[in-house]
Amino acid sequence: MTDNVTKEFDAIIIGAGFAGIYQLLKLRRLGLSTIILEKADQVGGTWHWNRYPGARCDIPSLEYSYQFDEDLQQEWNWSEKYSAQPEILEYINHVVDRFDLKEDIKFKEEVLSANFNEEESTWLLETSENKYKSTFCIFATGCLSVPNKPDFGGLENFRGNLLQTSTWPQEEQRFDGQKVAIIGTGSSAIQSIPIIAEQASELYIFQRTPNYSIPSNNGLMDKEVEKEIKGRYSEFRKENYQNGFGIAAISDEALISETDIDEVNAQLEENWQNAGLGFFGGYADVALDKDANDVAANFVRNKIKETVKDPVTAALLTPDYHIGGKRLCVDTGYFETFNKDNVHLINIKENPIRQINEDSLEADRIYEVDTLILATGFDAMTGALTNIDISGRGGIKLKDQWEGGAKSYLGLGIANFPNLFTVTGPGSPSVLSNMMPSIEQHVNWITDCIQWMMENNKKVIESSKSAEDEWMVLVNEIADMTIFTDTKSWYNGSNIDKKAKAFLPFIGVPVYTEMLEDIVAENYKGFIFDKAN
Ligand code: N01
């Protein structure tokens, strides 16, 4: 150990969200000395930071939960079909306590840099507090964890209550009698707007692009459904890996193009009432065929028209791009909220925000407000990695290597960055899947890989450049067969100024799962072990 390295471990995990805490448990069970470095003062990751009103998961909780422990999944009871943020955070804390993980989590330690030492084949990490050394470095930093804060002119002059959905304060925020502005109409805004509209005297919603949203029809957990699923939980969980988007509830192979249109409309109506996100997966060709996509999109466009009484507002709320091109939203009373007299929609595509002042925003006119909420999204998929000063072989910086677009092998390993793993990294199904089974799949894979290395006396693993290049070609070839690539979205980096435009999720959980298994069966094909310096 060098003088200025204070602590040394076999593996260091960055981030104490769902991925990090499970990774800690797995590596501890493998006998490795391991800790988590976490920037926040508590566990939870995305579910710690995103505590805005209405924050809730839009995948059923019976699927958006851990499957690795039968007792845990049998004993934990969710109160609603789709759990709200406080209950999810309670669950994460329960898991941490149940498996006694807290003692190995270092809170309030933001990792600032990670440098690979080629002589020793070790990682040196520097946090706001300490220096650490480890053999393996596992980034469990999440796909949507670095807030996007656009440079609105004059934002720094605003003297009212300035909030951002993705870094919401822990203290309760009330808006009674206030004039409130919210910028953005993605999932976070769509969940919070109906609740804020109940409190604010006036709510001004600044929209650049409308979104498709499906009613959640959330409710208390149906005890019969819970009993049925818990009675075959391990079988049910397997369905996650057999469905394209990793959600067991979405599994229809039927095609709109081959189905009678009356039948299609009846099915879409049923999916609108019951399926939530599953509306998108209800027909297999909605993701693949522009005409089929149009049928589903028009169905939602008509629902908006029927729901929103003012035709001008309804038209403004109606998207003109492929449904699913931007991440589909799920809501409770979103479109209905625009029928309230205190709710105003402002089209900032036509009249952009020109200036923010001490107590107002200027767009088509001046809006005086007490509170300004930014619901402007994230530097998705890569931001959490490029924000840390990570350098690999030859001192190459990850940020520079990814300047033209992120590349990764399987979303797990990066060429030139040995013994570094990413959980649900770019190039894996991640955000186009149910994150929970995807996280467990990656954590299990990483743990098995390290165990294999120990058993086979391998010290260093690194993805080969050619495997990485070929993998990203495949990611893009698959994406090009779908409707996902021609819409501006955070899936392809187009929500962030100057970010390289590259489509990053691997589409298709079953194919991905099969390929992961095949690669292991071929002794980690595409990875290089113990490469000479
Ligand atoms: O962010 P977003 P989010 N000027 O990027 C607008 C997950 N999530 O936090 O579309 C003006 O979707 C931007 O406009 P545009 C989920 O995967 C899950 O809402 O770029 N406007 C857009 O309207 C989700 O997709 C859950 O034209 C600007 C909005 O801000 C992801 O997180 C809940 C702007 C950002 O929308 C992100 O959702 C919440 C600018 N300069 C989130 N910059 C659930 O599980 C951005 N915008 C339910």
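Residues numbered from 1 in each chain as written. Predicted model: local features only at pLDDT ≥ 70, side-chain atom pairs only at ≥ 80, totals over all residues. Heavy atoms only, no water.

Engineer: Please clarify how the overall build of the chain should be interpreted in this entry.
Structural biologist: Secondary structure summary: the chain contains 17 helices and 20 strands in total. Across its three principal axes, the chain shows a C-alpha extent of roughly 70 × 55 × 45 Å. Here the chain holds 533 residues, and 58% of them are scored as buried. Look at the contacts in the chain between residues 6 or more apart in sequence, and 73% of them connect residues 24 or more apart. About 22,200 Å² of surface is accessible on the chain, with carbon and sulfur atoms providing 46% of the total. The centroid of the 49 positive side-chain charges in the chain is displaced by 4 Å from the centroid of its 83 negative side-chain charges. (Helix = DSSP H or I, 4+ residues; strand = E, 2+ residues; numbered from the N terminus. Buried < 20%, exposed > 50% of the residue type's maximum accessible area, 1.4 Å probe, protein only. Contact = heavy atoms within 4.5 Å. Areas by Shrake-Rupley, 256 points an atom, 1.4 Å probe, with all protein chains shown as cover. Lys, Arg positive; Asp, Glu negative; His and termini not counted. Charge placed at Lys NZ, Arg CZ, Asp CG, Glu CD.)

Engineer: Sorry, what's going on with the site of the ligand here?
Structural biologist: Around the ligand, 24 residues are found, and the nearest of them are Thr185, Ser188, Arg208, Thr209 and Lys326. Coverage of the ligand by the protein chains reaches 87% of its 910 Å² of free accessible surface. Partitioned by chemical class, the residues of the shell around the ligand number nine nonpolar, ten polar and five charged. (Near = heavy atom within 4 Å. Nonpolar A, V, L, I, M, F, W, Y, C, P; charged D, E, K, R; others polar.)

Engineer: What exactly am I supposed to notice about unusual backbone geometry here?
Structural biologist: One can expect most non-glycine residues to show negative phi and most peptide bonds to be in trans. Of note, the phi angle at Met381 is positive, near 70 degrees, even though the residue is not glycine. Along the chain, Met381 turns up in the loop between strand S16 (371-374) and helix H13 (383-386). Phi is positive for Ser430, which is not a glycine, with a value near 30 degrees.

Engineer: What's the story with the pattern of salt bridges in this structure? I'm lost.
Structural biologist: Opposite charge on two side chains permits pairing when their charged atoms draw close. A full pass over the atoms with the stated rule returns 24 salt bridges. Salt-bridge contacts for Glu198 lead to Lys340; the nearest nitrogen and oxygen are separated by 3.5 Å. Of the two residues, Glu198 sits in helix H5 (residues 187-199) while Lys340 sits in the loop between helix H12 (334-337) and strand S12 (343-347), which places them 142 residues apart along the sequence. Of the charged contacts in the structure, one is a salt bridge between Glu522 and Lys525, with a shortest N-O distance of 3.9 Å. In this structure Glu522 comes out as partly exposed when scored by relative accessible area, which is 46%. Since its relative accessible area comes to 47%, Lys525 is described here as partly exposed. Among the charged side chains, a salt-bridge network with shared partners connects Glu118, Arg393, Glu462 and Lys531. (Salt bridge = Lys/Arg side-chain N within 4 Å of Asp/Glu carboxyl O.)

Engineer: For this particular structure, what's the right way to read the sheet that holds strand S7 (residues 161-164)?
Structural biologist: Where strands meet in a sheet, backbone hydrogen bonds hold them as pairs that are either parallel or antiparallel. Spatially, the five strands line up as an open sheet ordered S7-S16-S8-S9-S12, and their pairing is parallel. Of all strands in the sheet, those with a lone pairing partner are S7 and S12, marking the two edges. Each strand of the sheet is rotated relative to its neighbour by a mean of 20 degrees, with strand direction disregarded. As defined by bridge partners, strand S9 (residues 202-207) adjoins S12 across five bridges and the pair is classed as parallel. Looking at the pairing, Gln207 lines up with Asn347 of S12. (Pairing = 2+ DSSP bridges. Axes fitted to C-alpha atoms, helices over the stretch in contact; angles between N-to-C directions.)

Engineer: Can you help me understand the environment of Val330 in this one?
Structural biologist: Tracing the backbone shows Val330 in strand S11 (residues 329-331). Its relative accessible area of 6% is what places Val330 among the buried residues. If near-sequence neighbours (up to four positions away) are discounted, Val330 is found in contact with Asp58, Ile190, Gln191, Ser213, Ile214, Pro215, Ser216, Gly276 and Leu277.

Engineer: How should I be thinking about empty space enclosed by the protein in this particular structure?
Structural biologist: A water-sized probe, rolled over the atoms, reveals where empty space remains. Within this structure, the stated rule accounts for three cavities of 30 Å³ or more. The calculated volume of the largest cavity comes to roughly 70 Å³. Taken together, Phe139, Thr141, Gly142, Met381, Ala384, Leu385, Thr422, Val423, Thr424, Gly425 and Pro426 form the lining of the largest cavity. Tallied by class, the residues present in the lining of the largest cavity amount to six nonpolar, five polar and no charged. Quantified by volume, the second largest cavity comes out at close to 50 Å³. Lining the second largest cavity are Leu62, Ser65, Tyr66, Leu72, Gln73, Trp76, Trp78, Tyr91, Lys230, Tyr233 and Arg237. Mapped by element, the contributors of at least two residues to the lining of the second largest cavity are helix H3 (70-75) and helix H7 (233-242). Of the residues assigned to the lining of the second largest cavity, the class counts are seven nonpolar, two polar and two charged. (1 Å grid on protein atoms, 1.4 Å probe; cavity = no way out; pocket = protein on both sides within 12 Å on 5 of 7 lines; lining within 4 Å. Points joined across faces, edges and corners; volume = space filled by probe spheres on them.)

Engineer: Mind showing me how you'd approach the side chain of Thr127 here?
Structural biologist: Tracing the chain through its elements places Thr127 in strand S5 (residues 122-127). Of note is the side chain of Thr127, whose polar atom sits 2.6 Å from the side chain of Glu109. In terms of polar contacts, Thr127 uses its side chain to reach the backbone amide nitrogen of Asn130, at 2.8 Å. In contact with Thr127, not counting residues within four places along its chain, are Leu37, Glu109, Glu110, Val111, Leu112 and Tyr132. (Polar contact = N/O pair within 3.5 Å; in protein donor to acceptor, adjacent residues only side chain to side chain.)

Engineer: Is there a simple way to think about the sheet that holds strand S15 (residues 366-368) in this case?
Structural biologist: With antiparallel pairing, three strands are arranged side by side in an open sheet as S13-S14-S15. Of all strands in the sheet, those bounded by a partner on one side alone are strand S13 (355-356) and S15. As judged from the three bridges shared by strand S14 (residues 360-362) and S15, these two strands associate in the antiparallel manner. When the sheet's bridge partners are listed, Ser360 is paired in S15 with Glu368.

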